[in-house]
Amino acid sequence: MGSSSKDDSGSDGEASSGDTPPPDSTRFTEGERVLAYHGPRIYEAKVQKAEQRKKDWKYFVHYLGWNKNWDEWVGADRLLKHTEENVSKQQALHKKQNLDKNSKLGRSQTKPKNSADTKTDKEDTKGNATKGKKRKADSNAEKDNISMEKQVKVQIPSTLKKQLVDDWEFVTQQDKLVKLPRSPTVDDILSKYLEYRSKKDGVMTDSIGEVLKGIRCYFDKALPVMLLYKRERQQYQDVIKEDVSPSTIYGAEHLLRLFVKLPELLAYVNIEVETLTRLQQKLLDFLKFLQKNQSTFFLSAYDGSKVPESKSKGKDE
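Since this is a predicted model, take the numbers as computed values, not measurements.

Draft legend 1. Focus on the nonpolar core. Ranked by size, the top nonpolar core spans 47 residues in total, and within it Ile215, Tyr250, Leu255, Leu258, Phe259, Leu283 and Phe286 carry the most contacts. Listing elements by their share of this core, those giving two or more residues are helix H4 (158–173), helix H5 (186–201), helix H6 (206–227), helix H8 (252–266) and helix H9 (273–292). The contact partners of Leu258, leaving out residues within four places of it in the chain, are Ile215, Tyr218, Phe219, Ala222, Leu227 and Leu265. Core analysis: the next-biggest nonpolar cluster, separate from the first, contains 15 residues, Phe28, Trp57, Trp70 and Leu79 among them.

Here it is, written out as structure tokens:
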């Protein structure tokens, strides 16, 4: 989960009247400590606001230990009461995600041990090896809540944050969609940026090319999983056929959403501190390029013709 607080993937209701609801009329109350789903994991959060939109309650939550830029509106289906049972569920889910992640990558993604960790591990080995493994797994699960905040930061320029808000408004509040295929496409934008950097630097560097390949790969994989609002899923099924890459169909609107999710995605990859710093600089430079060409790359209005919603289940990411 660093970016716009308006990545309002969990909320698509009508604007509320602004009245603060009585505490006993909501499932969750303002100021209440809760557990909240975000992507594949559950995080500790605090309810900042509660509003009724249409027939559903929406909650503005702050994820504890995270930058306030992650604050967002979510539905009750994304929240759990902060009980011992649900905390156990959170820990079990974190462990499962860590195991799945390590299995896919074929190697451990845990941080290097310090001297205190080494001492603890030795004591665990002497006492009970099984307990030692459990203790380390629990520690990794707890650290995971803030690992992305510490490791990856993608600063989105303010005008592009406003673009994200408008994007959310068009799709979730006005029932409008980006008309596809877009022009320029994501591939076109990446090519334009590579040309821009080559002219500016006087040479085409391999590192820039690798970063752009990575952005394209992440976009194609992440789009159907976490970059679409629920109202856009049927459109995706209609336009993306076999052997067709989303980066050849979608444009700047959906590409910008990727940068909101990148910290969450990159947290699963081991990156050296020096490499990470250079990567963050390159990502920021690319975002400034989008900002510079904002009027050319982004739509000022979306298509008003409604598309039937997909019947498939899943969160409105």
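Draft legend 2. Representation of the packing of aromatic side chains in the model. Counted according to the given criterion, the structure contains 13 aromatic pairs. Ring geometry for Tyr43 versus Tyr63: centroids 6.3 Å apart, planes at 85 degrees, classification edge-to-face. Of the two residues, Tyr43 is situated in strand S2 (residues 41–53) and Tyr63 in strand S3 (residues 56–63); the sequence distance between them amounts to 20 residues. Residues Phe259 and Phe286 carry aromatic rings whose centres are separated by 5.6 Å and whose planes lie at 15 degrees to one another, so their mutual orientation is stacked.

Draft legend 3. The pattern of salt bridges, seen in detail. What the rule picks out here adds up to 14 salt bridges. One salt bridge connects Glu44 with Arg33, and the closest N-O pair in it is separated by 2.7 Å. Taken together, the positions of Glu44 in strand S2 and Arg33 in strand S1 (residues 33–38) put the pair 11 residues apart, joining distant regions of the chain. For Asp175, the salt bridge identified is with Arg231, shortest N-O distance 2.7 Å. Of the two residues, Asp175 sits in the loop between H4 and H5 while Arg231 sits in the loop between H6 and helix H7 (233–239), which places them 56 residues apart along the sequence. The class of Asp175 is partly exposed, set by a relative accessible area of 23%.

Definitions and limits used
Counting of residues starts from 1 at the beginning of each chain's written sequence and follows it residue by residue. Reporting in this predicted model follows two pLDDT cut-offs: at least 70 for local features of residues, and 80 or more for side-chain atom pairs to be given and counted; totals over whole chains, interfaces and linings ignore these cut-offs and use all residues. The side-chain numbers reported here are obtained from all heavy atoms of the structure, hydrogens and water having been left aside. By nonpolar core we mean a set of buried residues, namely Ala, Val, Leu, Ile, Met, Phe, Trp, Tyr and Cys, connected to one another through side-chain atoms within 4.5 Å. Residue burial is assigned from relative accessible area. The probe radius is 1.4 Å, only protein chains are included, and a residue is buried under 20% of its type maximum, exposed over 50%, and partly exposed in between. Numbering of helices and strands runs from the N terminus; a helix is a DSSP stretch of H or I covering at least four residues, while a strand is a stretch of E covering at least two. We call two residues in contact whenever any of their non-hydrogen atoms come within 4.5 Å of each other. What counts as a ring pair is set by centres within 6.5 Å for rings of Phe, Tyr and Trp (its six-membered ring), and what kind of pair is set by the plane angle: stacked under 30 degrees, edge-to-face over 60, tilted for all other angles. Take a side-chain nitrogen of Lys or Arg and a carboxyl oxygen of Asp or Glu: if they are within 4 Å of each other, that pair is a salt bridge.

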